[in-house]
Amino acid sequence: MKSRTTNKFKGIKPDPENLIRNANIDFSLLGEIVGQSVVSVNQFSREMVGTLCKLAALLESKKLELADALKGNIIITAFFEPSTRTRLSFESAALRQEAKIISIPEGARNTGVAKGESLSDIGEMFNAYGDLVVLRHTETDAIAAIGENLRIPLVNAGNGSGEHPTQALADWYAILKWKPTILNEELPESEKINLGILGSPGSMRAVNSFLRMALLFKDNIQKITIVSELADPLGDELNKLLSEAGIPWLCTHDMEGTVEELDVIYMNSIAFLGDSYKAMDSNFKLHAGSPLKEDAIILHPLARLGELDHSLDDSRHNLYFDQAHGAVFVRQALYMAVLDRVKDIGDRINVVKENELELQTV
Amino acid sequence: MKSRTTNKFKGIKPDPENLIRNANIDFSLLGEIVGQSVVSVNQFSREMVGTLCKLAALLESKKLELADALKGNIIITAFFEPSTRTRLSFESAALRQEAKIISIPEGARNTGVAKGESLSDIGEMFNAYGDLVVLRHTETDAIAAIGENLRIPLVNAGNGSGEHPTQALADWYAILKWKPTILNEELPESEKINLGILGSPGSMRAVNSFLRMALLFKDNIQKITIVSELADPLGDELNKLLSEAGIPWLCTHDMEGTVEELDVIYMNSIAFLGDSYKAMDSNFKLHAGSPLKEDAIILHPLARLGELDHSLDDSRHNLYFDQAHGAVFVRQALYMAVLDRVKDIGDRINVVKENELELQTV
Amino acid sequence: MKSRTTNKFKGIKPDPENLIRNANIDFSLLGEIVGQSVVSVNQFSREMVGTLCKLAALLESKKLELADALKGNIIITAFFEPSTRTRLSFESAALRQEAKIISIPEGARNTGVAKGESLSDIGEMFNAYGDLVVLRHTETDAIAAIGENLRIPLVNAGNGSGEHPTQALADWYAILKWKPTILNEELPESEKINLGILGSPGSMRAVNSFLRMALLFKDNIQKITIVSELADPLGDELNKLLSEAGIPWLCTHDMEGTVEELDVIYMNSIAFLGDSYKAMDSNFKLHAGSPLKEDAIILHPLARLGELDHSLDDSRHNLYFDQAHGAVFVRQALYMAVLDRVKDIGDRINVVKENELELQTV
């Protein structure tokens, strides 16, 4: 036998304890989310994002033993739009805490939907089958349709060209582990992050949700640059949100002259249109030779096409692998909050020592 | 966060305790079903249906704590014909009692069957993989083929244009919760139910099984009317069964003049032909303006097309949502019986008080 | 109810205790496999195969109670090439010992791969989702691609026209139960087995792996005959391996004059070419009237086409059903070894009595 794995993790992997060291964590805020459906980033406050990320960090750093936190719950993963990664990430998060899974893995083509069944009827049935439904759908308005009769909480795992709020949680969990001061302090101007988005928020749900969540941290963002091949990459609502945010932002078709100044780069190239997808903005390519700042980090919700070259995988710019890993933990944290399993660990955790993390539940 | 669900259950939801209040439940009858395959409603007696429904009612009303009743069992859900609702209902029932699931969710197209594997070989393999198989198949004779080498029990979850016996259990569980006297008494003529079926029992497996189970309760059925677009909606066997039942029945092409007299209306519009399905009898439409008796109830195995309008969902005629919910509990009860896990709760339960249900296992 | 199953097991079913009676089993050898990916039969020594088969025999004979041996582990079954039997066999093996399953059951068509996601990215994600991945893929080089970033062990469940090493373990587990002296002794010439392969090892992964494992037992093999419709059924590497083995072997296009002398016949007829398969060598048919030696046994990895007639199922030549059943137990044994759960049962088991098996862990 000679196949023992010797692969090393590629990219950077910030210590999740960065987020919880010397922090008092007040979980009572998560009471707001109990029994709630999570549809849009608009539902989140900065404090809620921070608290969920801290719970995720406790789980990732193994500071909390919560192996059966979801015991007794059945989670329905209803992927009417197929996905490898996202479904497995949600299912792994559930199973790690002893929830059970029932799944529609194969898209709508093979289901009762194909016989003409309405989403509102399927939603009514879900009430009987499980305790929470994770929904991905090709249609943006599927959430509203299935929600018509739903009495169990729903987590939006991507609806057409709409939103993908747990992806945004995973994105910002990675960023906050990398630079916890964004969450905890008002940074001096020189340390605020220069944020670039290569992609079209108005057409790409992950980018849309990322941008909405970015605005929760606008106090520590110097500037937002959106590089897109579209004339209007935002649409009215995002345009308004950005304009009201009171920070510098601009849209451009050209990443030259921009990319070398960015601290955080968010990329994507897959846009959804009805039940198909198309590559967009994939002409904005980054590779090991791109003129990046020395400590710039790249985020990408994956899957990637050619826009993010594998030559960057081994670099210190690669935060996208850690971002994907952390997604499991933020989803665990979200399940715990929505299914009201946080109070079992106490409302408040005081983290007392700096060097050797110690939890004190009070 | 502002998405707390405020949806209410639509339709009527009879109390499952209706079925078990003041009842002595003798579970020893379920010994007959231990290790059995459940293929056709023909296998059931009225007493067996009643006992399974009472066990389901104990589970639904949470009068029995049986969270690990199926622990140690692996249930195979083999859906060679795709289905959302039915597979999830069977899987939820299994998981709620700690059985484990292995599943063929995607239809025959993607499986070894596509390589020409025979169903009898697959059946032989199932013996090694699990303790019970739930089979749905596009072909009516698939049950016989897979059963050739099977030594574990099989539950028929729909075979082509054949039968769907657990759907009939769910149908009658809903009816018996709604009017328990059908099970427990011989009703005076004026209280017997006038039963209408909008659909073709000979071509629709759910309707076929429903009608066969209806005949177990013929003493309390005043009349059966079958409204179908077919010249012969029954076929020889069902014709003979109905003729021998000794109650009035008729087939008609026209629901006018009929529907206003019915107490219980069973609808469906999807018929299976080989590996495809087609809409049939969908010209018989019910909606909020239909001339229904004030306390008439409607059953539908769902998925529905246009024949059952959503305007009825909020009405007191809607028993179809409760019917779908109850399906999980009758399937739990059936698993427990077939897998010999009922005797663990004692042979007999005496329900002693009327107002406050109390269980006494003796 | 009249459907109690009366089917009997068809074919022969050697007692798994044959393999462990009077044997001292030294599990410490399995330490070599901890954390390893299992890609090719080339990784196995004869001793390793023997030890895994003895562990499987302990499990099959229920001499070890190990119902939670894999508790806390998540196993990913990634079947980018669809399969009924193999996936369910791997999943049943996992669930029987309390591992959890996340699954890609539906082939690559519906996954992120369809969006152009690279296998190396998927491998990186798998690190975050589970503890072991079972991979089947239409492409032979998929193992290498997904392994690029993988840090959890992988079990190859069939890669294109490459290998299928756990199938070979199941094959030889059946043979060794049937004739344990092959493992434990050097047999006299007259008792060595005359082995025939109907199929093309160079194009059929199961046959390829079977042949490679056969060479581990060459001391007790009299002769190997490969009956194939191809001019070169082996390819360079297998040709070299056979030539170096130092035992008589030959390739022929004609099974007449050969089949009547064989003790063990291995058949298959499905060859994989890219993402499709084709029937090959299916003109070599065996049936109840074939001129087999009285105690010859037939193995077949199934699914079968016409080459292995059902008329043989009830005969004493049928070891293929037992072979399929045993596959679950060798996969359990392999999981336990790779996931380092063997040492929990002690390094060494002394089996002390002949007639009544007794385990003594020392």
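Residues numbered from 1 in each chain as written. Chains lettered and ligands numbered in written order. Predicted model: local features only at pLDDT ≥ 70, side-chain atom pairs only at ≥ 80, totals over all residues. Heavy atoms only, no water.

1. Focus on the relation of the copies chain B and chain A
Here is step 1 of the chain: If you rotate chain B by 120 degrees and push it 0.0 Å along the axis, it lands on chain A with an RMSD of 0.0 Å. Such values leave the two copies arranged in the relation of a three-fold axis. (Least-squares fit on C-alpha atoms with pLDDT ≥ 70 in both.)

2. Details of the relation of the copies chain B and chain C
Here is step 1 of the chain: Of the transformation placing chain B onto chain C, the axial shift is 0.0 Å and the rotation is 120 degrees, giving an RMSD of 0.0 Å.
Here is step 2 of the chain: Counting the interface residues of chain B, we find that no more than 7% of their copies in chain C are interface residues as well, pointing to two distinct contact surfaces. (Contact = heavy atoms within 4.5 Å.)

3. Here's the deal with the sheet that holds strand β5 (residues 154-159) of chain B
Residue and element names in this part refer to chain B.
Here is step 1 of the chain: Pairing in this open sheet of four strands is parallel, and the strands run β3-β2-β4-β5 from one edge to the other. Each edge of the open sheet is held by one strand with a lone partner, namely β3 (100-104) and β5. Taken pair by pair, the neighbouring strands of this sheet meet at an average axis angle of 15 degrees, ignoring direction.
Here is step 2 of the chain: In this sheet, strand β4 (residues 132-137) lies alongside strand β2 (residues 74-79) in parallel orientation, the contact comprising five bridges. When the bridges of β4 are listed, Ala-78 appears paired with Leu-135.
Here is step 3 of the chain: Sitting on the sheet, helix α3 (residues 119-129) is in contact with β2, β3 and β4, with an inclination near 155 degrees to β2. (Pairing = 2+ DSSP bridges. Helix = DSSP H or I, 4+ residues; strand = E, 2+ residues; numbered from the N terminus. Axes fitted to C-alpha atoms, helices over the stretch in contact; angles between N-to-C directions.)

4. Observations concerning the pattern of salt bridges
Residues and elements named next belong to chain A.
Here is step 1 of the chain: Summed over the entire model, instances satisfying the criterion amount to 64 salt bridges over all chains.
Here is step 2 of the chain: Linking Glu-237 and Arg-212 is a salt bridge whose minimum nitrogen-to-oxygen distance equals 3.1 Å. Of this pair, Glu-237 sits in helix α8 (residues 235-245) while Arg-212 sits in helix α7 (residues 205-214); the two residues are 25 residues apart in sequence, bridging distant segments of the chain.
Here is step 3 of the chain: Here the salt bridges do not stand alone but share partners, grouping Lys-13, Glu-60, Lys-177 and Asp-322 into one network. (Salt bridge = Lys/Arg side-chain N within 4 Å of Asp/Glu carboxyl O.)

5. Remarks on the interface of chain B and chain C
Here is step 1 of the chain: Each partner contributes residues to the interface: chain B has 46 residues there, and chain C has 38 residues.
Here is step 2 of the chain: When the two sides are added together, the surface that chain B and chain C hide from each other amounts to roughly 3500 Å², 53% of it contributed by carbon and sulfur.
Here is step 3 of the chain: Applying the counting rule to chain B against chain C returns two salt bridges.
Here is step 4 of the chain: A salt bridge links B:Asp121 to C:Arg304; its shortest N-O distance comes to 2.6 Å.
Here is step 5 of the chain: Between the two partners, chain B and chain C, sit 12 residue pairs in polar contact (both at pLDDT 80 or more).
Here is step 6 of the chain: Sorting the residues of the side of chain B that touches chain C by element identifies β2, β3 and α3 of chain B as the ones contributing at least two each.
Here is step 7 of the chain: Per-element tally for the side of chain B that touches chain C: the top contributor is α3(B), with eight residues.
Here is step 8 of the chain: The class makeup of the residues in the side of chain B that touches chain C is 19 nonpolar, 16 polar and 11 charged. (Buried area = accessible area lost by both parts, 1.4 Å probe. Polar contact = N/O pair within 3.5 Å; in protein donor to acceptor, adjacent residues only side chain to side chain. Nonpolar A, V, L, I, M, F, W, Y, C, P; charged D, E, K, R; others polar.)

6. A closer look at the interface of chain B and chain A
Here is step 1 of the chain: Tallying the contact residues gives 38 residues for chain B and 46 residues for chain A.
Here is step 2 of the chain: At the boundary of chain B with chain A, total buried surface from both sides reaches about 3500 Å², with 53% on carbon and sulfur atoms.
Here is step 3 of the chain: The interface formed by chain B and chain A holds two salt bridges in total.
Here is step 4 of the chain: The interface formed by chain B and chain A contains 12 residue pairs in polar contact (both at pLDDT 80 or more).
Here is step 5 of the chain: The set of elements that each furnish at least two residues to the side of chain B that touches chain A consists of α2 (85-95), β10 (270-273) and α9 (320-338) of chain B.

7. What about unusual backbone geometry?
Here is step 1 of the chain: With omega at 0 degrees, the peptide bond leading from A:Leu302 into A:Ala303 counts as cis.
Here is step 2 of the chain: Counting through the fold element by element, A:Ala303 comes out in the loop between β12 (297-299) and α9 (320-338).
Here is step 3 of the chain: Inspection of the secondary structure assignment puts A:Leu302 in the loop between β12 and α9.
Here is step 4 of the chain: Taking relative accessible area as the criterion, A:Leu302 reaches 8% and is therefore assigned buried.
Here is step 5 of the chain: The phi angle at C:Asn22 is positive, at roughly 60 degrees, despite the residue not being glycine.
Here is step 6 of the chain: Within the secondary structure layout, C:Asn22 lies in the segment before β1 (24-26). (Buried < 20%, exposed > 50% of the residue type's maximum accessible area, 1.4 Å probe, protein only.)

8. Description of the domain arrangement of chain A
A common way to report how large an interface is uses the accessible area buried once the components associate.
Residues and elements named next belong to chain A.
Here is step 1 of the chain: Here chain A is partitioned into domain 1 (16-164 + 324-353) and domain 2 (171-323).
Here is step 2 of the chain: The C-alpha-based centres of domain 1 and domain 2 are spaced at 24 Å.
Here is step 3 of the chain: Each partner contributes to the interface: domain 1 provides 34 residues, whereas domain 2 provides 31 residues.
Here is step 4 of the chain: Both faces considered, domain 1 and domain 2 share a buried interface measuring about 2500 Å² in area, 55% of it formed by carbon and sulfur atoms.
Here is step 5 of the chain: Across the contact surface, domain 1 and domain 2 share three salt bridges.
Here is step 6 of the chain: Here Glu-163 and Arg-212 are joined by a salt bridge, their closest N and O atoms 3.6 Å apart.
Here is step 7 of the chain: The interface formed by domain 1 and domain 2 contains 24 residue pairs in polar contact (both at pLDDT 80 or more).
Here is step 8 of the chain: Counting only elements with at least two residues in the side of domain 1 that touches domain 2, the list comes to α1 (46-60), β4 (132-137), β5 (154-159) and α9. (Domains from an automatic or database assignment.)

9. A closer look at a negative patch on the surface
Residue and element names in this part refer to chain A.
Here is step 1 of the chain: The grouping of Asp-254, Glu-256, Glu-260 and Glu-261 at the surface amounts to a negative patch.
Here is step 2 of the chain: Tracing the sequence through the fold places Glu-256 in the loop between β8 (249-252) and β9 (264-267).
Here is step 3 of the chain: Residue Glu-256 is classed as exposed on the basis of its relative accessible area of 66%. (Patch = residues over 30% accessible without salt bridge, like charges linked within 9 Å, V, L, I, M, F, W, Y side chains within 5 Å. Areas by Shrake-Rupley, 256 points an atom, 1.4 Å probe, with all protein chains shown as cover. Lys, Arg positive; Asp, Glu negative; His and termini not counted. Charge placed at Lys NZ, Arg CZ, Asp CG, Glu CD.)

10. Things to note about helix α5 (residues 165-178) of chain A
Here is step 1 of the chain: For α5(A), with 14 residues, the first-to-last C-alpha span of 20 Å sits near the 20 Å given by 1.5 Å per residue.
Here is step 2 of the chain: α5(A) sits mainly inside the fold: 13 of its 14 residues count as buried. (Expected span 1.5 Å × (residues − 1).)

11. Section: the environment of B:Ala67
All names here are of chain B.
Here is step 1 of the chain: On the secondary structure map, Ala-67 appears in the loop between α1 (46-60) and β2.
Here is step 2 of the chain: Taking relative accessible area as the criterion, Ala-67 reaches 47% and is therefore assigned partly exposed.
Here is step 3 of the chain: When the C-alpha positions of Ala-67 and Glu-98 are compared, they lie 6.7 Å apart, and in sequence the two are 31 residues distant.
Here is step 4 of the chain: For Ala-67, the residues in contact, after removing those within four places along its chain, are Arg-96, Gln-97 and Glu-98.

12. A few points about the packing of helix α2 (residues 85-95) of chain C against helix α9 (residues 320-338) of chain C
All names here are of chain C.
Here is step 1 of the chain: Here α2 crosses α9 at 55 degrees, and the two axes come no closer than 8 Å. Here α2 is positioned oblique relative to α9, judged by the angle of their axes. As for the relative orientation of α2 and α9, their crossing is right-handed in sense. Packed against α2, whose contacting residues are Thr-86, Ser-89, Phe-90, Ser-92, Ala-93 and Ala-94, the element α9 presents Ala-327, Val-328, Arg-331, Gln-332 and Tyr-335 at the interface.
Here is step 2 of the chain: Of the residues assigned to the contact of α2 with α9, the class counts are six nonpolar, four polar and one charged. (Parallel < 35°, antiparallel > 145°, perpendicular 65-115°, else oblique. Left-handed = near helix turned anticlockwise from the far one by under 90°.)

13. Some words on the side chain of C:Ser203
Here is step 1 of the chain: Structurally, the position occupied by C:Ser203 is in the loop between β6 (193-198) and α7 (205-216).
Here is step 2 of the chain: Those residues in contact with C:Ser203 that lie beyond four places of it in its chain are C:Ser161, C:Leu230, C:Ala271, C:Phe272 and C:Met280.

14. Brief notes about the sheet that holds strand β6 (residues 193-198) of chain B
Residues and elements named next belong to chain B.
Here is step 1 of the chain: Reading across the sheet, the five strands line up as β8-β7-β6-β9-β12 and stay open at both edges, with parallel pairing between neighbours. The open sheet has two free edges, formed respectively by β8 (249-252) and β12 (297-299), since each of these has just one partner strand. Averaged over all pairs of adjacent strands, the angle between their axes in this sheet comes to 20 degrees, without regard to strand direction.
Here is step 2 of the chain: Of the strand pairs in this sheet, strand β7 (residues 221-227) and β8 are connected by four bridges, and their pairing is parallel. For Ile-226, the partnering residue across the bridge sits in β8 and is Cys-251.
Here is step 3 of the chain: The sheet contacts of helix α7 (residues 205-214) involve β6, β7, β9 (264-267) and β12, and relative to β6 the element is tilted by about 160 degrees.

15. Notes on the packing of aromatic side chains
Here is step 1 of the chain: Evaluation of the coordinates by the stated rule reveals 15 aromatic pairs over all chains.
Here is step 2 of the chain: Judged by centre distance (4.0 Å) and plane angle (15 degrees), the rings of A:Phe210 and A:Tyr266 are stacked. Residue A:Phe210 is found in helix α7, and its partner A:Tyr266 is found in strand β9; the two are separated by 56 residues along the sequence. Of the two residues examined, A:Phe210 and A:Tyr266, each falls in the buried class.
Here is step 3 of the chain: Relative to C:Phe321, the ring of C:Tyr320 has its centre 5.3 Å away and its plane inclined at 85 degrees; by these criteria the two rings are edge-to-face.
Here is step 4 of the chain: Taking the relative accessible area as the measure of exposure, C:Phe321 reaches 0% and is therefore buried.
Here is step 5 of the chain: Members of the aromatic cluster, joined through ring pairs, are A:Trp172, A:Phe210, A:Phe217 and A:Tyr266. (Phe/Tyr/Trp six-rings, centres within 6.5 Å; stacked < 30°, edge-to-face > 60°.)

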